[in-house]
Amino acid sequence: MSTTRATRAARHRMPGRLVVGGLAAVVVASIALVVALFATGSEPRDTGGIGGPSLFVAWLLPLLRLISTLATVGCAGALLAAVILLRIEGGLLGTQGRRAVRDASNSAVIWAACSFVGAAVTAAVLLDTPLDLLYLRLDDALAVPEVKALLITGILVVALAIGIRRVQTSQAARLGVVVAIAALIPNALTAFPRNESYVVLAGAALVVHVIAATTWIGGLAGLVRYGRASRSGLPIVLERYQQVANVSSIALILSGLISAAGRLAAQAGGWSGVFDVLTSDAYGVLLIIKVIAVVLLLVAASLSRRQATGNLLERNVPFWQIVGFELVVMALTLGLSVALSQTA
């Protein structure tokens, strides 16, 4: 197959594969979320009370978090691709770079919608108020830290979606990256609201953890989405992604360990009870499973680097098969992460 035909084939195959891959990610992450919630007894329940939100609304909360997380990864991955993976001389975005920022804008729209709807659902659940009567307790809802964080995120992401829609330069896309990172922070800061030293440590580490995870997973999605469109450019894109993945994976592991240790210490009432909570609490069980998933990701990443040789645009190349496995495990990890947030 000639260079032109191979490149053209890759371009035409990707949209369909992207849709299938995106749907597969949603399905895998959703299954992981639901199974983890039921396995640990953390699933939303109908309390049987009068005047509270319905069970459907209670289930909307983790599902909205999951969709928002996937949209965040898609947005970050597209921006990362435009700014780093597809970077070209001169500061202007190429064809794939402009496509990436449009995809990032579309993902940001979904992210923002989930944030605003999630704010209403969060308020209804935490205030034990039906969603359609929430306007009667608007002041109380706006005073909830989690609700304020979601609203701030939604506003930032709306600005991001509008601002990057038609950008033509990498400098403008970099500004979008800054806004996207800023939008990740409010929700992470409200994950651990208490003021003990280990909780503050866990919250600070979680901010780094969320950014690192989004960069790592989003970067791989960006590699698959945009890197395959050029035979000559793919090795360069792959090398750039591997540099990003190395930094992100190290930051993710270190921050994850610190955040988890602080969270376990908070549950145990001190550092001495961390191991007991790890082996007996629902959070600890999910954490162990997530650690196993991350180990699988590291192994798959190592294998994919070894297979990154030859013509990577041909069908049935082991490299892409391993990358596909990585994306599935990443989707599984995202589902577990949302389940962990439900037990926090």
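See the structure above.
Residues numbered from 1 in each chain as written. Predicted model: local features only at pLDDT ≥ 70, side-chain atom pairs only at ≥ 80, totals over all residues. Heavy atoms only, no water.

Student: Can you walk me through the overall build of the protein chain in this structure?
Tutor: Along its length, the protein chain carries 11 helices and 0 strands. Taken from the N to the C terminus, the helices and strands of the protein chain come in the order α-α-α-α-α-α-α-α-α-α-α. Taken across its 344 residues, the protein chain has 47% of its residues classed as buried. By sequence separation, contacts in the protein chain at least 24 residues apart represent 76% of the contacts at least 6 residues apart. Carbon together with sulfur atoms contributes 67% to the accessible area of the protein chain, which is approximately 16400 Å² in total. (Helix = DSSP H or I, 4+ residues; strand = E, 2+ residues; numbered from the N terminus. Buried < 20%, exposed > 50% of the residue type's maximum accessible area, 1.4 Å probe, protein only. Contact = heavy atoms within 4.5 Å. Areas by Shrake-Rupley, 256 points an atom, 1.4 Å probe, with all protein chains shown as cover.)

Student: When you look at the environment of Ser-337 in this model, what are you seeing that I'm missing?
Tutor: Within the secondary structure, Ser-337 sits in helix α11 (residues 318-343). Sequence separation between Ser-337 and Arg-65 is 272 residues; the distance between their C-alpha atoms is 10.0 Å.

Student: What should I look at first to understand the pattern of salt bridges in this one?
Tutor: Charged atoms that come close allow side chains of opposite charge to pair. One pass over the structure, following the stated rule, counts 3 salt bridges. The partner of Asp-140 in a salt bridge is Arg-137, and the shortest N-O contact between them spans 3.3 Å. Note on Arg-137: relative accessible area 31%, which makes it partly exposed. (Salt bridge = Lys/Arg side-chain N within 4 Å of Asp/Glu carboxyl O.)

Student: Even after reading the chapter, I still don't get empty space enclosed by the protein, so can you show me in this structure?
Tutor: A water-sized probe, rolled over the atoms, reveals where empty space remains. Under the counting rule described, the total for this entry stands at 2 cavities of 30 Å³ or more. Space inside the largest cavity adds up to approximately 90 Å³. If you go around the largest cavity, you meet 13 residues; those closest to its centre are Tyr-241, Gln-242, Ala-301, Ser-304 and Glu-326. Among the elements of the structure, α7 (197-226), α8 (234-268), α10 (282-307) and α11 are those that each provide at least two residues to the lining of the largest cavity. In terms of residue count, α8 provides more of the lining of the largest cavity than any other element does, 4 residues in total. Residues of the lining of the largest cavity, tallied by class, amount to 9 nonpolar, 2 polar and 2 charged. (1 Å grid on protein atoms, 1.4 Å probe; cavity = no way out; pocket = protein on both sides within 12 Å on 5 of 7 lines; lining within 4 Å. Points joined across faces, edges and corners; volume = space filled by probe spheres on them. Nonpolar A, V, L, I, M, F, W, Y, C, P; charged D, E, K, R; others polar.)

Student: Looking at this model, I keep getting lost on helix α5 (residues 145-163). Mind explaining?
Tutor: An α-helical turn contains 3.6 residues, so any two residues separated by three or four positions project in the same direction. Compared with an ideal rise of 1.5 Å per residue, which puts 19 residues at 27 Å, α5 spans 27 Å between its outermost C-alpha atoms and is within 8% of the ideal. When α5 is considered as a whole, its buried residues turn out to be Val-147, Ala-149, Leu-150, Thr-153, Gly-154, Val-157, Leu-160 and Ala-161. For α5, the angular spread of the buried residues around the axis is 155°, confining them to a single face. Exposed side chains of α5 directed beyond 90 degrees from the buried face belong to Ile-155 and Ile-162. Buried-residue contacts for α5 involve α2 (55-85), α3 (95-126), α4 (138-142) and α6 (170-189). (Expected span 1.5 Å × (residues − 1). Arc of directions from axis to C-beta.)

Student: Help me understand the nonpolar core, please; the structure alone is not making it clear to me.
Tutor: Note that soluble globular proteins tend to have their nonpolar side chains buried in a common cluster. Within the largest apolar cluster, 69 residues are counted, with the highest numbers of intra-cluster contacts made by Trp-111, Leu-160, Leu-223 and Tyr-241. Considering each element in turn, this core owes the most residues, 12 residues, to α2. Apart from the residues within four sequence positions on either side, Tyr-241 is in contact with Leu-85, Trp-216, Gly-219, Leu-220, Leu-223 and Met-330. If you look at the next biggest cluster of nonpolar residues, it comprises 8 residues, including Ala-119, Leu-127, Ala-141 and Val-147. (Core = buried A, V, L, I, M, F, W, Y, C linked by side-chain atoms within 4.5 Å.)

Student: Please explain α3 as it appears in this structure.
Tutor: In a regular helix each residue adds 1.5 Å, so 32 residues correspond to 46 Å; α3 covers 46 Å between its end C-alpha atoms and thus fits that length. Positive phi appears at Asp-128, one or two residues downstream of α3, with a value of about 55°.

Student: Just checking my understanding: could you explain the environment of Arg-137 for this structure?
Tutor: With respect to the helices, strands and loops of the structure, Arg-137 is situated in the loop between α3 and α4. Once the C-alpha coordinates of Arg-137 and Ala-123 are considered, the two residues, 14 residues apart in sequence, prove to be 9.2 Å apart. The contact partners of Arg-137, leaving out residues within four places of it in the chain, are Leu-127 and Thr-129.

Student: Just to check I follow, could you spell out the side chain of Thr-153 for this structure?
Tutor: Note that Thr-153 resides in helix α5. What makes Thr-153 buried here is its relative accessible area of 0%. For Thr-153, the residues in contact, after removing those within four places along its chain, are Trp-111, Ser-115, Ala-183, Pro-186 and Asn-187.

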